[in-house]
Amino acid sequence: MKKNLLIIFIFTALINNAMQKEEFPQAQITNGLIHARLYLPDSNKGYYRGTRFDWSGVVASLEFKGHNYFGQWFEKYSPTIHDAITGPVDDFTPVGYNEARPGESFLKIGIGIISKPDENPYTFSKTYEILNSGKWKVKLKPDQAQFIQILNDKEYSYEYEKKVQLIKDKPVLVLTHTFKNRGKRRIETLVYNHNFFVINNQPTGPGFSVKFPFNLNGIFSDGADISEIQNNRIIFRRELAKGETIFCNSLQGFSDSSKDYDIRIENHKTGAGVRITCDRPLSKMVFWSCPTTLCPEPYIQIKAEPGQEFSWKISYEFYSIGKPE
């Protein structure tokens with residue numbers, strides 16, 4: 001098993017090196033404690049041009065005290081593959097898909113106006129035709145990157161801003177989102193951050209723990225023999241083999257307080273930890289993992305009437321923990 005995982009990591013590292021030579025639009029930010037590299041949105045040359053995830057704020061790598069928290073976790077790459085993406089990235093559920101007829105359009109925030117090809121249900125793994133991706137602006141400072149998407153269309157119009165900021169003198173990354181509905185229709189959706197953690201290239205397994213501030217309830221539809229819930233933690237009995245996944249579509253136990261959006265991931269083998277908090281309450285909690293990445297997926301609800309604004313902030317506090325003797 002360990003030999004197979006080593007092959008996977010070597011293979012993905014080779015692909016990653018090759019892709020860096022393609023010179024995708026990117027930028028680096030630092031506050032002296034954290035060093036991060038970001039891919040920038042670009043409809044022609046961008047690293048990610050798929051129709052699932054928000055194009056802004058894609059973190060290629062983030063280093064703190066010798067630990068790297070994000071990186072490539074997949075084997076096959078193309079800019080339009082739905083999950084060929086890295087870092088803490090947002091996925092907004094589609095707006096207007098069920099209402100639209102084939103040949104009409106629907107909305108994905110952070111991507112744009114997309115064509116509905118047929119009567120089949122929306123599938124996140126499918127690549128759809130983008131009709132209008134709006135205009136992207138990027139403003140860079142040494143410790144932050146600000147992404148602004150302005151979309152004007154007959155059905156939906158908005159201004160969406162995401163700021164990726166490293167806090168001065170603190171090991172903290174903050175994602176500040178602001179969504180302004182500039183159109184004539186209500187925009188209501190869910191958004192979750194997929195959190196593709198690749199911590200020191202460690203395989204998902206007993207070295208990791210995932211902790212919440214509430215006792216968990218849930219059933220793993222995949223990987224029930226590999227992982228388990230112990231009160232407020234998810235733990236792993238063994239390392240995942242290639243092709244194995246862990247999945248729970250609905251972890252329960254949280255309240256309607258934003259204090260329950262508080263997730264800690266720790267790797268006791270390398271001593272790396274991260275705490276994720278948000279100023280909005282959870283509406284749903286999903287967990288997914290494969291051998292090369294570990295992903296708590298917290299959802300929040302977004303609703304903006306015409307002329308209204310909705311904002312939320314997600315913080316990542318990175319820290320070190322003692323290694324077992």
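Our structure is the block above this text.
In short, a report on the structure. Values in this document were obtained by computation on a predicted structure and should not be read as measured data.

What counts, and where the lines are drawn
Residues numbered from 1 in each chain as written. Predicted model: local features only at pLDDT ≥ 70, side-chain atom pairs only at ≥ 80, totals over all residues. Heavy atoms only, no water. Pairing = 2+ DSSP bridges. Helix = DSSP H or I, 4+ residues; strand = E, 2+ residues; numbered from the N terminus. Axes fitted to C-alpha atoms, helices over the stretch in contact; angles between N-to-C directions. Buried < 20%, exposed > 50% of the residue type's maximum accessible area, 1.4 Å probe, protein only. Contact = heavy atoms within 4.5 Å. Core = buried A, V, L, I, M, F, W, Y, C linked by side-chain atoms within 4.5 Å. Salt bridge = Lys/Arg side-chain N within 4 Å of Asp/Glu carboxyl O.

The next subject is the sheet that holds strand E19 (residues 272-278). On the basis of which strands lie adjacent, the open sheet formed by 10 strands has the order E9-E10-E11-E12-E22-E19-E18-E14-E16-E15 and antiparallel pairing. The strands lining the two open edges of the sheet, one partner per strand, are strand E9 (135-141) and strand E15 (227-230). Strand-to-strand twist across the sheet, computed as the mean angle between neighbouring axes with direction ignored, equals 15 degrees.

With five of seven residues buried, E19 is to be regarded as a mostly interior element. Strand direction decides the pairing type here: strand E18 (residues 262-267) and E19, joined by six bridges, are antiparallel. Its bridge partner lying in E19, Ile265 is registered against Val274. Two elements, E19 and strand E22 (residues 309-320), share seven bridges in a ladder whose sense is antiparallel. When the sheet's bridge partners are listed, Val274 is paired in E22 with Phe318.

Right, let's get into the environment of Pro121. For Pro121, the position within the fold is in the loop between strand E7 (112-115) and strand E8 (130-132). With 23 residues separating them along the chain, Pro121 and Asn98 place their C-alpha atoms 7.9 Å apart.

To continue, consider the side chain of Ser115. Structurally, Ser115 can be placed in strand E7. Residue Ser115 is classed as buried on the basis of its relative accessible area of 12%. Not counting residues up to four positions away in its chain, the partners in contact with Ser115 are Glu104, Ser105, Phe106, Tyr128, Glu129 and Leu131.

Judged by nonpolar contacts, the single largest core of 92 residues is most densely connected at Ile265, Trp312 and Phe318. With six residues, the top contributor of residues to this core is strand E21 (residues 293-304).

Take the pattern of salt bridges next. In this structure the tally under the stated criterion is 16 salt bridges. Measuring nitrogen to oxygen at the nearest pair gives 3.7 Å for the salt bridge that ties Glu188 to Arg186. Note on Glu188: relative accessible area 37%, which makes it partly exposed. The class for Arg186 is partly exposed, based on a relative accessible area of 45%. The shortest N-O distance in the salt bridge between Glu244 and Arg238 comes to 2.9 Å. On the basis of relative accessible area, Glu244 is assigned to the partly exposed category, the value being 23%. With relative accessibility at 27%, the residue Arg238 sits in the partly exposed group. Members of the salt-bridge network, linked through shared partners, are Arg52, Asp91 and Lys108.

In short, shape yes, function no, at least from these values alone.
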